[in-house]
Every structure is written in C-alpha cells, then in structure tokens.
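Analysis of the macromolecular model
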Amino acid sequence: AQSVTQLDSHVSVSEGTPVLLRCNYSSSYSPSLFWYVQHPNKGLQLLLKYTSAATLVKGINGFEAEFKKSETSFHLTKPSAHMSDAAEYFCVVGGDSSYKLIFGSGTRLLVRP
Amino acid sequence: NAGVTQTPKFQVLKTGQSMTLQCAQDMNHEYMSWYRQDPGMGLRLIHYSVGAGITDQGEVPNGYNVSRSTTEDFPLRLLSAAPSQTSVYFCASSPRLLLETQYFGPGTRLLVL
C-alpha cells in the first residue's frame, strides 16, 4: 500500500528566505511523486514531478524537490520565498498497480512581508 | 482550449436531494477523475475513468455515481445528499496515464443542509 505524509500542516517564512516543505512517502513500488500547489479558491496546479529520472527535480516558479530513496522523502524547496508563493501545497504519490494518486493532507505556506 | 470546466461553482442542497456535478474537458484526455477536498484531509479520490465506458471506484465512492459516455464528459451524481457530503469537489483529467500531469478544474463548492 502507498501513503504520503506531509510533516507540517503550516509553514511560515519571511519573504526572501528559503522555503522547505517536507514530505515522506511509503510505497512498495518504485514511486512517482508530485507536488501540486493550490492558491486560494483555485484548482490545483502541478509544480513538479519525479518519475525515476534525475533525483533532483526542478519545477515552476523556482521550486525544486529531491527524491531520496534511503530516507523515503521528497521535500520541496525554494531558495527565496515570494509573497505570491503563499498557497497550499500537496505532496502526491502514485505508481502502484491500482493507478490511483494518493494525496498528502497539505501544507499551508504563509509568507510574511 | 478551455481545459477542465466544472459546473456549478457553488450549490446548496437539502438532505435527501439529488444532483449532478458536471465536468468536461476539451483536451481529448482519456483519464478523468473526481476528488473531494475536506479541511486537513487533502484530496480523496471518489471515482475515476480510464476511457469512455470505463469507470472504477476510488477511496470514497459511497453515495456517488459516475458514468463516462463520451471522452469529454464525466458527471458525478449524488444520489441522496447528506451533510457529510458537504465539501469541495474537483474534477481532473490527464492525457493517457494517471502518472502524467493532472489538469484540475476550478472546483464545485457543495453545501448540504
């Protein structure tokens, strides 16, 4: 069975400082992993995805994530937060035979001026 | 392309009423799915379809029906609404496989009294 855990429900950073959103997964298969972002009252948008190519994945808007198999982690980072990054972020795992995506519970990112 | 569209944007129902949430995509995607989003629980899969005429259950299918008579449309039916179905509902599609980028609609906010 697959599962995904987002370790922080809320993260608050100052504008211009680094962002770290943590995600751990469990999968008996070689997983595919995604990060999606949801701005207030909007649908979800793909930030980046890992599908067994390079372990460091670059996404949109300066975000990147590193797949670490030994730690079963897929943390999302950005060197410098912008006010427009304030949103909810979802870590998602997929790839087993049931063809279903499993969403984490989400991390709400607050960016302080 | 309009992408993934959902109607209505907001709906209020009384307990026991039925209704259909509409979802359409104009990208010729084979895979479509319905999720519900509840606070602190991320998105949970209700039903999905891998092509016209083919549907299957997700994590939380009880109380919902779907059909896929065309590639474009994937309506979600609430048979007898209950307060526990108060949620935000998202439809998503992807070109072929689940593990490709999911394109999400803007959501339908449903309140069941």
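So, a few notes on the structure that sits alongside this text. What you are looking at is a predicted structure, and each value in this text was computed from that prediction instead of being measured.

Counting its secondary structure elements, chain B contains zero helices and eleven strands. Scanning chain B from its N terminus toward the C terminus, one meets helices and strands in the order β-β-β-β-β-β-β-β-β-β-β. In terms of overall size, chain B behaves like a compact globule, its C-alpha atoms giving a radius of gyration of 13 Å where 113 residues would be expected to give roughly 13 Å. Classification of the 113 residues of chain B by burial places 49% in the buried group. Relative to all contacts within chain B whose residues are 6 or more apart in sequence, the contacts with residues 24 or more apart total 53%. As displayed, chain B has an accessible area near 5100 Å², and 52% of this comes from carbon and sulfur atoms. Side chains of chain B give 8 positive and 8 negative charges; the mean places of these two sets differ by 11 Å.

Right, let's get into the pattern of salt bridges. One pass over the full model with this rule turns up six salt bridges over all chains. Close ionic contact of Asp 8 of chain A with Arg 22 of chain A constitutes a salt bridge, the shortest N to O distance being 3.0 Å. Placement of the pair is Asp 8 of chain A in the loop between strand E1 (3–6) and strand E2 (10–14) and Arg 22 of chain A in the loop between strand E3 (19–21) and strand E4 (23–26), with a sequence separation of 14 residues. Residue classification places Arg 22 of chain A among the partly exposed residues on the basis of a relative accessible area of 32%. Note that Arg 36 of chain B and Asp 38 of chain B form a salt bridge whose closest N and O atoms lie 2.9 Å from each other. Like Arg 36 of chain B, the residue Asp 38 of chain B is buried in the burial classification.

Another point: the nonpolar core. All names here are of chain A. In terms of nonpolar packing, the biggest core is built from 26 residues, with Trp 35, Phe 74, Leu 76 and Tyr 89 touching the most fellow members. Ranked by residues supplied to this core, first place goes to strand E10 (residues 87–94) with four residues. Sequence-distant contacts of Leu 76, defined by excluding residues within four places in its chain, comprise Val 19, Leu 20, Leu 21, Trp 35, Leu 47, Leu 48, Phe 63, Glu 64, Ala 65 and Tyr 89.

Moving on, we get to the sheet that holds strand E7 (residues 64–66) of chain B. All names here are of chain B. Ordered by their spatial adjacency, four strands build an open sheet running E1-E3-E8-E7, and the pairing between neighbours is antiparallel. Strands with a single pairing partner mark the edges of an open sheet, and in this sheet they are strand E1 (4–7) and E7. Averaged over neighbouring strand pairs, the angle between their axes works out to 20° when direction is ignored. Here three bridges tie E7 to strand E8 (residues 76–78), and the two strands are oriented antiparallel to one another. Looking at E8, one finds that Val 66 is bridged to Leu 76.

Conventions we followed
Residues numbered from 1 in each chain as written. Chains lettered and ligands numbered in written order. Predicted model: local features only at pLDDT ≥ 70, side-chain atom pairs only at ≥ 80, totals over all residues. Heavy atoms only, no water. Helix = DSSP H or I, 4+ residues; strand = E, 2+ residues; numbered from the N terminus. Rg over C-alpha atoms; globule rule 2.2 N^0.38 Å. Buried < 20%, exposed > 50% of the residue type's maximum accessible area, 1.4 Å probe, protein only. Contact = heavy atoms within 4.5 Å. Areas by Shrake-Rupley, 256 points an atom, 1.4 Å probe, with all protein chains shown as cover. Lys, Arg positive; Asp, Glu negative; His and termini not counted. Charge placed at Lys NZ, Arg CZ, Asp CG, Glu CD. Salt bridge = Lys/Arg side-chain N within 4 Å of Asp/Glu carboxyl O. Core = buried A, V, L, I, M, F, W, Y, C linked by side-chain atoms within 4.5 Å. Pairing = 2+ DSSP bridges. Axes fitted to C-alpha atoms, helices over the stretch in contact; angles between N-to-C directions.

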